[in-house]
Amino acid sequence: MSQIPGQGWQELKRELMQKWRELSDNDLESTKGNAQSIVDLLERKVGMAIDEASEKFAEIASHYHLYDEPEEKPVKADEEKKERVMELKPKAPANRDRKPKDDYLG
């Protein structure tokens, strides 16, 4: 888990303190917005099992879209991998009307 950015962190702190009165602003500030530290704090101060604390925190944090998810950027036509097409040129038709060369006849 990673660090929680600015304004989202302030809003999240408020929600966490409303949901769990055992948590103080100082408690949450001591985590420096580190998600794993917040989960550990929920385990220690609220008495939750670590799995439950992690799940509850992730659920709340997901409402804030705190973690940057890679966005799919539209690929520009000139940036696309250009498909390589091998063009086959037809062979020149065999000249079946050609007479055998004299040097083959011995």
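Use the structure listed above.
Now for a look at the structure at hand. (Residues numbered from 1 in each chain as written. Predicted model: local features only at pLDDT ≥ 70, side-chain atom pairs only at ≥ 80, totals over all residues. Heavy atoms only, no water.)

A few points about the pattern of salt bridges
- Throughout the structure, instances matching the rule amount to three salt bridges.
- The partner of glutamate 29 in a salt bridge is lysine 13, with the nearest N and O atoms 2.3 Å apart. Residue glutamate 29 is located in helix 2 (residues 25-30), and its partner lysine 13 is located in helix 1 (residues 6-19); the two are separated by 16 residues in the primary sequence.
- Judged by relative accessible area, glutamate 29 falls into the partly exposed class, the value being 34%.
- By relative accessible area, lysine 13 is classed as buried at 4%.
- The salt bridge partner of lysine 45 is aspartate 27, with a shortest N-O separation of 3.1 Å. Here aspartate 27 lies in helix 2 and lysine 45 lies in helix 3 (residues 35-46), a separation of 18 residues in the sequence.
- For lysine 45, a relative accessible area of 40% gives the class partly exposed.
- Residue aspartate 27 is classed as buried on the basis of its relative accessible area, which comes to 16%. (Salt bridge = Lys/Arg side-chain N within 4 Å of Asp/Glu carboxyl O. Helix = DSSP H or I, 4+ residues; strand = E, 2+ residues; numbered from the N terminus. Buried < 20%, exposed > 50% of the residue type's maximum accessible area, 1.4 Å probe, protein only.)

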